[in-house]
Amino acid sequence: MILTIQERDEMLSQLNDNQREFLNHYLVRSRRTAFANAMAKEKGHHVPEHAAPEDIEALLDDWIYTGYKDAGTISPELRCECGRSLRYQHEVKNRKTGEIKKFGIEHLKEHLGIDAAIVATIKKGFEAIDYELDEILLKIANDWQPAPDAYSVADLPEQLQRQLSLGLPLLDKQINMLRRKPVVRNASPSPKTSEPSAAPEPAPAPAPILEEFDLWSWTEPEPAAVVQEVSNAGNGLTAAERAAVKQYVETGVGSARVISELLIRDHGTPDRRYITGKPLIYPDVCQFIEQSYLDIAVELNGTEDRKYTMR
């Protein structure tokens, strides 16, 4: 069921401040992800399925989504770049120039000069996020309770524990992911063998794992990339590549896949890939990070990526 704007507003008004703050934070974050995904893929970047918005944005040198305001009703206090009064005002920032633009979603194409197909993808992503908000609100109205045998609340990621502690239901997608992919800790993933590869894909060195996936990702998996010509796996990183990897990690880029893409784009690393689309340099990036930083948090980001966080 899809709620009308009026129904959604009424249900949101019945939540407490902490619940609304939680939902607003993750709705903004999810819109950032949807916007960054569309912009990165339009430029031909290979984006890992569960990448955080900060990591995807590292691939971009132009517009990134920074948030939105809701006036509650159409108001002259919120205006589009064209001067029209708005209820919802979206804000983007140009990473290169620092320029900020504010507009209604219908004028996204006019004010950013991006392709109509990309605008359609962004709007579709935003709509999907609203539908999942509706799912949570309807579950609250129907007094949803977690199934006692579906999962152990104590073993959930901290973020989902907080979601439940605030009285907010889990999405069906979150529940299904929990059932399919139980959380793994203090383990190393086994090499993936179900897909053929144009080159043998070594497993990264073992490291402590915090969480297996991002349950607040509203993005869907993409088809496997087309097979590309590749050579045997690399014998490690060059000195320049190692320096670049350290710089990315220490400035907050956590995705090993994104760091690999940045090496290819900005540092002359050969664009050689496995049949899955994963860069051939990826295992070397993982091994270098895990050997260089003993006190670094590691989590499996879906099945095709690792995310690193400086403690």
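Residues numbered from 1 in each chain as written. Predicted model: local features only at pLDDT ≥ 70, side-chain atom pairs only at ≥ 80, totals over all residues. Heavy atoms only, no water.

Points about the pattern of salt bridges
Piece 1. Under the counting rule described, the total for this entry stands at 20 salt bridges.
Piece 2. In this structure, Arg20 and Asp17 form a salt bridge, with 2.6 Å as the shortest nitrogen-oxygen distance. Highlighted residues: Arg20 and Asp17, both in helix H2 (residues 17-42), separated by three residues, approximately one helical turn.
Piece 3. Relative accessible area serves as the criterion here: at 31%, Arg20 is assigned to the partly exposed category. (Salt bridge = Lys/Arg side-chain N within 4 Å of Asp/Glu carboxyl O. Helix = DSSP H or I, 4+ residues; strand = E, 2+ residues; numbered from the N terminus. Buried < 20%, exposed > 50% of the residue type's maximum accessible area, 1.4 Å probe, protein only.)

Section: the nonpolar core
Piece 1. Among the nonpolar cores identified, the biggest contains 39 residues, and Phe35, Leu108, Leu112, Ile114 and Ile122 are the most heavily contacted of them.
Piece 2. At the level of elements, H2, strand S1 (63-79), strand S2 (85-94), helix H4 (108-112) and helix H5 (116-141) are the ones that each hand at least two residues to this core.
Piece 3. Top element by residues in this core is H2. It accounts for ten residues.
Piece 4. Non-local contacts of Leu112, meaning those with residues more than four positions away in its chain, are made with Phe35, Trp63, Val92, Lys101 and Phe103. (Core = buried A, V, L, I, M, F, W, Y, C linked by side-chain atoms within 4.5 Å. Contact = heavy atoms within 4.5 Å.)

Notes on unusual backbone geometry
Piece 1. A positive phi angle, near 60 degrees, is found at Asp143, a position not held by glycine.
Piece 2. Residue position: Asp143 is located in the loop between H5 and helix H6 (158-165).

Considering the packing of aromatic side chains
Piece 1. Per the stated rule, a full pass over the model turns up three aromatic pairs.
Piece 2. Aromatic pair Phe35 and Tyr65: ring centres 6.0 Å apart, planes at 40 degrees, arrangement tilted. Within this pair, whereas Phe35 is found in helix H2, its partner Tyr65 is found in strand S1, the two being separated by 30 residues in sequence. With respect to burial, Phe35 and Tyr65 carry one shared label: buried.
Piece 3. For the pair Tyr65 and Phe126, a centre-to-centre distance of 5.4 Å together with 70 degrees between the ring planes defines the contact as edge-to-face. (Phe/Tyr/Trp six-rings, centres within 6.5 Å; stacked < 30°, edge-to-face > 60°.)

Section: the side chain of Arg273
Piece 1. Within the secondary structure, Arg273 sits in the loop between helix H9 (256-266) and helix H10 (282-292).
Piece 2. At 2.8 Å, the side chain of Arg273 forms a polar contact with the side chain of Glu261. (Polar contact = N/O pair within 3.5 Å; in protein donor to acceptor, adjacent residues only side chain to side chain.)

Notes on the packing of helix H1 (residues 5-13) against H5
Piece 1. Put simply, H1 and H5 touch, their axes get as near as 10 Å, and they point 55 degrees apart. The angle between H1 and H5 places the two elements in the oblique class. H5 is crossed by H1, and the crossing has left-handed handedness. In this structure, H1 uses Arg8, Met11 and Leu12 to contact H5, whose residues at the interface are Asp130, Leu133, Asp134, Leu137, Leu138 and Ala141.
Piece 2. Tallied by class, residues from the contact of H1 with H5 come to six nonpolar, no polar and three charged. (Axes fitted to C-alpha atoms, helices over the stretch in contact; angles between N-to-C directions. Parallel < 35°, antiparallel > 145°, perpendicular 65-115°, else oblique. Left-handed = near helix turned anticlockwise from the far one by under 90°. Nonpolar A, V, L, I, M, F, W, Y, C, P; charged D, E, K, R; others polar.)

Structural notes on the confidence of the model for the protein chain
Piece 1. Mean pLDDT over the protein chain stands at 81; residues scoring 70 or higher make up 79%.
Piece 2. Across residues 182-198, where pLDDT falls below 50, the model places 36 contacts with residues more than four positions away in sequence or in other chains.
Piece 3. Low pLDDT (under 50) marks residues 205-235, which in the prediction has 102 contacts with non-local residues, meaning those over four places away or in another chain. (pLDDT = per-residue confidence, 0-100.)

Some thoughts on the sheet that holds strand S3 (residues 100-103)
Piece 1. If you walk across this open sheet you meet the three strands as S1-S2-S3, and the pairing is antiparallel. Bordering the open sheet on either side are S1 and S3, each of which pairs with just one other strand. Strand after strand, the sheet turns through a mean of 20 degrees between neighbouring axes, direction not considered.
Piece 2. Bridge count for S2 against S3 is four bridges, and the pairing is antiparallel. Its bridge partner being in S3, His90 is matched across the sheet by Phe103.
Piece 3. Across the face of the sheet, H2 comes into contact with S1 and S2 while running at roughly 125 degrees to S1. (Pairing = 2+ DSSP bridges.)

Points about the layout of surface pockets
Piece 1. There is about 840 Å³ of room inside the second largest pocket.
Piece 2. Lining the second largest pocket are 26 residues, and of these Arg8, Arg31, Tyr68, Tyr88 and Asp130 lie nearest its centre.
Piece 3. Broken down by secondary-structure element, the contributors of at least two residues to the lining of the second largest pocket are H1, H2, S1, S2 and H5.
Piece 4. It is H5 that provides the largest number of residues to the lining of the second largest pocket, a total of six residues.
Piece 5. For the lining of the second largest pocket, the residue count by class is eleven nonpolar, four polar and eleven charged. (1 Å grid on protein atoms, 1.4 Å probe; cavity = no way out; pocket = protein on both sides within 12 Å on 5 of 7 lines; lining within 4 Å. Points joined across faces, edges and corners; volume = space filled by probe spheres on them.)

Topic: the side chain of Asn94
Piece 1. Within the fold, Asn94 resides in strand S2.
Piece 2. Assessed through its relative accessible area of 10%, Asn94 is described here as buried.
Piece 3. Not counting the four nearest positions on each side in its chain, Asn94 is found in contact with Asp61, Asp62, Trp63 and Glu99.

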